[in-house]
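# Structural description and commentary
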Amino acid sequence: KHNLGMVLGLRPVTRINYKIQSYAREVNPDTGNSIDSTLTTYEGKGGSYQAYVGLGKAIGNFAIGANLGYYFGTKDFGTRKSFINDSVTYYKANYQTKISFGGAAFHLGAQYRAKLSKTVRLVLGATATLESEYDAKKDIIRETFEYDQSGASWTRDSVYRENDVKGTVIFPVSYSGGISLEKLDKWLIGAEYTTTSWDDFRLYDSRDSVGSTYKFRFGGQFIPNAYGSNYWGRVIYRAGFNYGTDYIRYGGEELKQYAVTAGFGLPVRPNRYSNQYTILNLALEFGRRGNADTRLQESLFRMSLGATLSDLWFVKRKYD
């Protein structure tokens, strides 16, 4: 009635999950002589999440909105080094840092819709994520350790430990703008540009191996017959492409990345009978980061499954 909309959500933003082992031959820095073989384990875990509430208001063909949320997360990363020797016993070393942070996050958005004909419309949109500074706490652990029979580690001696070191984490500003052209219940094409100033990211006043990014996204979808009797005619067929830079800088190098995507929107019930628009969404993505000229090159394949739930709720009965 008042062209108002509200949304509540909780979503994962990032995830840290890696474990890398490296074997090497240690060298005495004073003499240059070989010492012994070592096993070094690099391990990281954690991630970040956002709980938010959003409110939007439409005034004619123009709409504005904002999300206010709480952004929080953890980052636990460490390095463990063990000497491989049958005759001499060496202590194993653990260098570990744990960081937790949290604070308010603010996002803005605006949209304009123009009707070009009875069924064709043009939509322009823009969003902004403001720079945010979050309170953080850090635990610094330097210790020697051993493994028990089950493989779990226990502290032999604490060399240095400092808990709850206060600091801040600064996340940068991000902007995006997009345009789409749609024929209702038939086809849609769209494009978007996003840029994020990762050069301004700070972790306890220190810069990380990241840099500012940009990304172009293009995509479209087609529905053969949204209200037909044939099921596959009501399926939404989607395809897209994106290109830009990754925020990670490996050895100071900028890494280009691209991906191609394809997907399907599978309707659960015929629209013409139920006025329900619940859809199962299947998406496939193949991408690549870096190339033969950079020191890091990797490919990825991602598959995702989601659901768009929509129904007519709170409709007052005409008859009991």
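Going by the structure above, here's the rest.
Now for a description of the structure that goes with this document. All figures in this text were calculated on a predicted structure; none of them were measured in a lab.

## Concerning the nonpolar core
- Counting residues in hydrophobic clusters, the biggest one holds 14 residues, and the most contacted among them are Phe101, Val169, Phe171 and Phe201.
- Of all the elements in the fold, those that place two or more residues in this core are β4 (92-115), β6 (132-147) and β7 (153-171).
- In this structure, Phe201 is in contact with Val169, Ile170, Phe171, Pro172, Ser206, Arg207, Asp208 and Val210, ignoring residues within four places of it in sequence.

## Points about the environment of Asn61
- Note that Asn61 resides in the loop between β2 (34-59) and β3 (62-84).
- Since its relative accessible area comes to 43%, Asn61 is described here as partly exposed.
- Between the C-alpha atoms of Asn61 and Ile141, which are 80 residues apart in sequence, the distance is 56 Å.
- Excluding its chain neighbours within four sequence positions, the residues that come into contact with Asn61 are Gln111, Tyr112 and Arg113.

## Points about the environment of Leu181
- Here Leu181 shows up in strand β8 (residues 174-183).
- With 59 residues separating them in the primary sequence, Leu181 and Leu122 have C-alpha atoms 4.7 Å apart.
- Excluding residues that lie within four positions of it along the chain, Leu181 makes contacts with Leu116, Val120, Arg121, Leu122, Trp187, Leu188 and Ile189.

## Brief notes about the packing of aromatic side chains
- Scanning the model with the defined rule gives 18 aromatic pairs in all.
- Grouping aromatic residues by their ring pairs yields a cluster made of Tyr71, Phe101, Tyr134, Phe171, Trp198, Phe201 and Tyr247.
- Residue placement shows Arg80 over the ring face of Phe145; its charged tip is 4.8 Å from the ring centre.
- If you follow Lys138 out to its NZ or CZ, it ends over the ring of Tyr204, 4.2 Å from the centre.

## Digging into unusual backbone geometry
- We note that Asn3 has phi near 55°; this positive angle belongs to a residue other than glycine.
- Here Asn3 is to be found in the segment before β1 (4-27).
- Notably, Asp205 is not glycine yet its phi reads approximately 65°, a positive angle.
- Among the structural elements, Asp205 can be located in the loop between β10 (202-203) and β11 (213-222).
- Classification of Asp205 by relative accessible area gives exposed; the value is 69%.

## What to know about a nonpolar patch on the surface
- Taken together, Tyr193, Phe216, Phe218, Phe241, Tyr243, Tyr258, Val260, Leu284, Phe286, Phe301 and Met303 make up a surface patch of nonpolar side chains, about 1,000 Å² in accessible area.
- Of all the elements in the fold, those that place two or more residues in the nonpolar patch are β11, β12 (236-250), β13 (253-267), β14 (279-289) and β15 (298-308).
- Mapped onto the fold, Tyr258 is located in strand β13.
- Tyr258 gets classed as partly exposed once you look at its relative accessible area, which sits at 32%.

## Quick notes on the pairing of β12
- One ladder, built from eight bridges, connects β11 with β12; its direction is antiparallel. In the sheet register, Arg217 faces β12, and the bridge partner there is Asn242.
- Across 12 bridges, β12 lies against β13 in antiparallel orientation. Within β13, the position partnered with Gly240 by the bridge is Thr261.
- Connecting β12 to the next strand, β13, in antiparallel fashion are two residues, including Gly251 with a positive phi near 65°.

The rules behind these values
- Residues numbered from 1 in each chain as written.
- Predicted model: local features only at pLDDT ≥ 70, side-chain atom pairs only at ≥ 80, totals over all residues.
- Heavy atoms only, no water.
- Core = buried A, V, L, I, M, F, W, Y, C linked by side-chain atoms within 4.5 Å.
- Buried < 20%, exposed > 50% of the residue type's maximum accessible area, 1.4 Å probe, protein only.
- Helix = DSSP H or I, 4+ residues; strand = E, 2+ residues; numbered from the N terminus.
- Contact = heavy atoms within 4.5 Å.
- Phe/Tyr/Trp six-rings, centres within 6.5 Å; stacked < 30°, edge-to-face > 60°.
- Lys NZ or Arg CZ within 6 Å of the ring centre and 35° of its normal.
- Patch = residues over 30% accessible without salt bridge, like charges linked within 9 Å, V, L, I, M, F, W, Y side chains within 5 Å.
- Areas by Shrake-Rupley, 256 points an atom, 1.4 Å probe, with all protein chains shown as cover.
- Salt bridge = Lys/Arg side-chain N within 4 Å of Asp/Glu carboxyl O.
- Pairing = 2+ DSSP bridges.

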